[in-house]
Amino acid sequence: MLETRFTHPERFTKEQVFKSDLYIIPKSKDLGIVGLSEIVESLYLSRKVLNNEGKPASKSQIGTIFELMFNVSFGDISDKTSEIYKRKPFNRTKALDFLRNTIIYKDKKQ
């Protein structure tokens, strides 16, 4: 077995790369890349998402997971989250409001 492992190492290296089947429409008016960055910023500010050391995850750690999960690229997540704060105050949580209203609408339909 060891001899085979040394002569054919490619058979024993299984580097798994996660590839999500989920996509976000990047420029969607309700939930695009900036909308996802609202969610990332909210989770980051809550300090309730922990890393493998049990400490609050950084904004870039949370952003990286969202990039993998939804097949998007934020570039620099701080640039995207700064776009949130450039919005008018009543429009800062546009994506979160959209998601909230979606749940309220479904609840009313039942």
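This structure is a prediction, so every number in the text was calculated from the model and none was measured.

Reading the values: rules and limits
Residues numbered from 1 in each chain as written. Predicted model: local features only at pLDDT ≥ 70, side-chain atom pairs only at ≥ 80, totals over all residues. Heavy atoms only, no water. Helix = DSSP H or I, 4+ residues; strand = E, 2+ residues; numbered from the N terminus. Buried < 20%, exposed > 50% of the residue type's maximum accessible area, 1.4 Å probe, protein only. Axes fitted to C-alpha atoms, helices over the stretch in contact; angles between N-to-C directions. Parallel < 35°, antiparallel > 145°, perpendicular 65-115°, else oblique. Contact = heavy atoms within 4.5 Å. Salt bridge = Lys/Arg side-chain N within 4 Å of Asp/Glu carboxyl O. Patch = residues over 30% accessible without salt bridge, like charges linked within 9 Å, V, L, I, M, F, W, Y side chains within 5 Å. Areas by Shrake-Rupley, 256 points an atom, 1.4 Å probe, with all protein chains shown as cover. pLDDT = per-residue confidence, 0-100. Left-handed = near helix turned anticlockwise from the far one by under 90°. Nonpolar A, V, L, I, M, F, W, Y, C, P; charged D, E, K, R; others polar.

S.K.: Would you mind going over the overall build of the protein chain in detail, with residue names and values included?
M.R.: Helix and strand content of the protein chain: five helices and zero strands. Taken over 110 residues, the protein chain has a buried fraction of 24%.

S.K.: Please provide a residue-by-residue account of the packing of helix α2 (residues 33–46) against helix α5 (residues 94–109), values included.
M.R.: At a closest axis distance of 7 Å, the pairing of α2 and α5 adopts a crossing angle of 90°. The angle between the axes of α2 and α5 places the two elements in the roughly perpendicular class. In this structure, α2 contributes G35, E38, I39 and S42 to the contact, and α5 contributes K94, A95, L96 and L99.

S.K.: Can you lay out the pattern of salt bridges for me, pointing to particular residues and giving the numbers?
M.R.: With the rule as written, the count across this model stands at four salt bridges. Between E83 and K80 there is a salt bridge whose closest N-O contact spans 3.7 Å. Linking E83 with K80, this pair stays in helix α4 (residues 77–86), spanning three residues, or about one helical turn. Residue class for E83 comes out partly exposed when judged on its relative accessible area of 33%.

S.K.: Pulling in residues and values, what's your account of unusual backbone geometry?
M.R.: In the Ramachandran plot, R47 falls in the positive-phi region, its phi being about 60° despite a non-glycine side chain. With respect to the secondary-structure elements, R47 resides in the loop between α2 and α3 (59–70).

S.K.: Go over a nonpolar patch on the surface, please, and point to the residues and values.
M.R.: Among the surface-exposed residues, F18, I65 and L68 lie close enough to one another that they form a single nonpolar patch of about 310 Å² accessible area. Take I65: it is sitting in helix α3.

S.K.: Before we move on, could you go through the confidence of the model for the protein chain and cite the residues and values that matter?
M.R.: Summarising the model, the protein chain shows a mean pLDDT of 88, and 86% of its residues fall at 70 or more. In the model of the protein chain, helix α1 (residues 2–7) stands out as the element of lowest mean pLDDT, 66, in contrast to α2, which has the highest, 95.

S.K.: Please provide a residue-by-residue account of the packing of α2 against α3, values included.
M.R.: Closest axis-to-axis distance for the α2/α3 pair is 9 Å, and the angle between their directions is 140°. As far as their axial angle goes, α3 and α2 are oblique. Relative to α3, the crossing made by α2 is right-handed. Between α2 and α3, the residues in contact are L36, I39, V40, E41, L43 and Y44 and K59, I62, G63, F66 and F70, respectively. Among the residues forming the contact of α2 with α3, the class breakdown is eight nonpolar, one polar and two charged.

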